[in-house]
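Residue strings, one per chain:
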Amino acid sequence: NKMSLSDFEIIKELGKGAFASVFKCKRIKDGNIYAMKRVNFWNMNSKERDNALNEIRILASVQHPNIIGYKESFYDEKTKTLNIIMDFADEGDLDSKIKGHQKNKTMFPETEIWSYLIQMLQGMKALHSAKIMHRDLKAANVFVQSGVLKLGDLNVSKLIKKLDNKHTQTGTPYYASPEVWSDKPYDYKCDIWSVGCIIYELCCFKPPFTGKSLEDLFQNITKGIFPPIPTTYSNDLKMIIGIMLQVNPSLRPDTFKLLSNPLIIKRMDYTQLKENQSSEGTH
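Residues numbered from 1 in each chain as written. Predicted model: local features only at pLDDT ≥ 70, side-chain atom pairs only at ≥ 80, totals over all residues. Heavy atoms only, no water.

K.L.:
What should I look at first to understand the overall build of the protein chain in this one?
P.N.:
On a plain count of helices and strands, the protein chain comes out with 11 helices and 7 strands. Classification of the 283 residues of the protein chain by burial places 48% in the buried group. A fraction of 65% describes how many contacts in the protein chain between residues 6 or more apart in sequence connect residues 24 or more apart. Approximately 14300 Å² of the protein chain is accessible, and the part contributed by carbon and sulfur atoms is 53%. (Helix = DSSP H or I, 4+ residues; strand = E, 2+ residues; numbered from the N terminus. Buried < 20%, exposed > 50% of the residue type's maximum accessible area, 1.4 Å probe, protein only. Contact = heavy atoms within 4.5 Å. Areas by Shrake-Rupley, 256 points an atom, 1.4 Å probe, with all protein chains shown as cover.)

K.L.:
Could you clarify how one ought to interpret the packing of aromatic side chains in this entry?
P.N.:
Where two aromatic rings form a pair, the distance of their centres and the angle of their planes describe that pair. Scanning the model with the defined rule gives 5 aromatic pairs in all. Judged by centre distance (6.4 Å) and plane angle (15°), the ring pair of phenylalanine 8 and phenylalanine 74 falls under stacked. Here phenylalanine 74 lies in strand S4 (residues 70-76) and phenylalanine 8 lies in strand S1 (residues 8-16), a separation of 66 residues in the sequence. Just as phenylalanine 8 is buried, phenylalanine 74 falls in that class too. When the ring of tyrosine 200 is compared with that of phenylalanine 226, the centres are 5.5 Å apart and the planes differ by 80°; the resulting orientation is edge-to-face. Taken as a pair, tyrosine 200 in helix H6 (residues 189-204) and phenylalanine 226 in the loop between helix H7 (214-223) and helix H8 (235-244) lie far apart in primary sequence, 26 residues in all. The exposure class assigned to tyrosine 200 is buried, which follows from its relative accessible area of 1%. By relative accessible area, which is 24% here, phenylalanine 226 ends up partly exposed. A network of ring pairs unites the aromatic residues Trp193, Tyr200, Phe209 and Phe226 as a single cluster. (Phe/Tyr/Trp six-rings, centres within 6.5 Å; stacked < 30°, edge-to-face > 60°.)

K.L.:
Sorry, what's going on with the packing of helix H3 (residues 110-129) against H6 here?
P.N.:
Axis angle and axis distance: for two packed helices, these are the angle between their axes and the distance between the axes, and together they describe the pair. Running from N to C, H3 and H6 point in directions that differ by 165°, and their axes come no closer than 11 Å. The orientation of H3 relative to H6 falls into the category roughly antiparallel. Taken as a pair, H3 and H6 cross one another with a handedness that is right-handed. Two secondary-structure elements touch here, H3 through Ile113, Tyr116, Leu117, Met120, Leu121, Met124 and His128 and H6 through Asp191, Ile192, Val195, Ile198, Ile199, Leu202 and Cys203. (Axes fitted to C-alpha atoms, helices over the stretch in contact; angles between N-to-C directions. Parallel < 35°, antiparallel > 145°, perpendicular 65-115°, else oblique. Left-handed = near helix turned anticlockwise from the far one by under 90°.)

K.L.:
Honestly, the packing of H3 against H8 in this entry has me stumped. Any pointers?
P.N.:
The contact between H3 and H8 brings their axes to 11 Å, and the two run at 30°. One way to sum up the angle between H3 and H8 is to call them roughly parallel. The chirality of how H3 crosses H8 is left-handed. Contacts from Glu110, Ile113, Trp114 and Leu117 of H3 reach H8 at Asp236, Leu237, Ile240 and Met244. Residues that form the contact of H3 with H8 fall into these classes: 6 nonpolar, no polar and 2 charged. (Nonpolar A, V, L, I, M, F, W, Y, C, P; charged D, E, K, R; others polar.)

K.L.:
When you look at helix H1 (residues 46-60) in this model, what are you seeing that I'm missing?
P.N.:
Residues spaced three or four apart along an α-helix face the same direction, because each turn holds 3.6 residues. Taking 1.5 Å as the rise per residue, H1 with 15 residues should run 21 Å; its terminal C-alpha atoms sit 21 Å apart, in good agreement. By the burial criterion, the buried members of H1 are Arg49, Ala52, Leu53, Glu55, Ile56 and Leu59. Within H1, the buried residues cover an arc of 155° as seen down the axis, which keeps them to one side. (Expected span 1.5 Å × (residues − 1). Arc of directions from axis to C-beta.)

K.L.:
Sorry if this is basic, but what is going on with the pattern of salt bridges here?
P.N.:
A pair can form between side chains of opposite charge whenever their charged atoms are brought close. Tallied over the entire structure, the rule returns 8 salt bridges. Between lysine 71 and aspartate 87 there is a salt bridge whose closest N-O contact spans 3.4 Å. Of this pair, lysine 71 sits in strand S4 while aspartate 87 sits in strand S5 (residues 81-87), and the two are 16 residues apart along the sequence. Accessibility expressed as a relative area gives 14% for aspartate 87, which makes it buried. We note a salt bridge from aspartate 95 to lysine 99, for which the minimum N-O separation is 2.7 Å. On the criterion of helical spacing, the pair formed by aspartate 95 and lysine 99 is a turn pair, its members being 4 residues apart in helix H2 (residues 94-104). On the basis of relative accessibility, which here comes to 48%, the residue lysine 99 falls in the partly exposed class. (Salt bridge = Lys/Arg side-chain N within 4 Å of Asp/Glu carboxyl O.)

K.L.:
Help me understand the pairing of strand S2 (residues 20-27), please; the structure alone is not making it clear to me.
P.N.:
Put simply, side chains in a regular strand alternate between the two faces of the sheet. Sheet topology places S1 next to S2; 7 bridges connect them, and they run antiparallel. Across the sheet, residue lysine 16 finds its bridge partner in S2, namely serine 21. Note: S2 against strand S3 (residues 33-40), 7 bridges, orientation antiparallel. Within the sheet, the bridge partner assigned to lysine 26 lies in S3 and is isoleucine 33. In this antiparallel pair of consecutive strands, S2 and S3, the connection spans 5 residues, and glycine 31 shows a positive phi of 75°. (Pairing = 2+ DSSP bridges.)

K.L.:
So what exactly am I meant to see when it comes to the sheet that holds S2 here?
P.N.:
Strands in a sheet are paired, the pairing made by backbone hydrogen bonds, and the direction either parallel or antiparallel. Pairing is antiparallel across the open sheet formed by 5 strands, whose spatial order is S1-S2-S3-S5-S4. The open sheet terminates on both sides in strands that have one partner only, identified here as S1 and S4. Ignoring strand direction, the axes of neighbouring strands in this sheet form an average angle of 25°. Direction of pairing for S3 relative to S5: antiparallel, over a ladder of 7 bridges. Across the sheet, valine 39 pairs through a bridge with leucine 82, a residue of S5. In the packing of H1 onto the sheet, the strands contacted are S4 and S5, and the crossing angle to S4 comes to about 175°.

Bear in mind that shape data such as this cannot, by itself, settle questions of function.
This is the structure we're talking about:
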């Protein structure tokens, strides 16, 4: 009863990275639309392959409205790919939403930014409660499906890092926290830093920390000084971003603390408030 590539019809490629491509696909049996991430593992032995599949199963066990749902994963011998079937986010990712606003010279309404922040923190709380660190959160990994924000690309990045140590520094490290940069031991707080960077980027269309070189970028991140967000946004939003972008991780709040911060509570709608109260004390 195991799924295989022949169960799916590929509709189009959505994105391509060094190791993986993502496709929009249709399950032939029922016509359901999914996203299929195909990771190339030419040189993977069977133990590594089992570990990879196992990690994806752990992820699949975390079910939450603000986390992309994982449906199935299987290895395809012929193409030497690990195929991960997950929810298809019909509204794309936050990175493409940012680009859209830039192009149209419009801004995200503040209510939308708070809503995204709250949903991001709620997804993150579910991950952290399951002892999973995301480690690679950026606007391109945060999706919107039928109006609901979903954290995605959970562990594939970590898997790839394990299998291929030459490529540990994937992509541009704009979202990496000071402790990650300094090779200090890091914990769940590094994900909070990344959330701060994404929320800032929704306001300003660029990350809070930039640099003319990696050295320059590193300096700016460890100083923790960034240009203010546009004054059209509230002081509350400015404050909450500052709280998440605390250079010292021990001063940076975790998801539980943030979700009980009055600035955030007053922007939660009834359903979010209820969810927040029901899961209090599970930590």
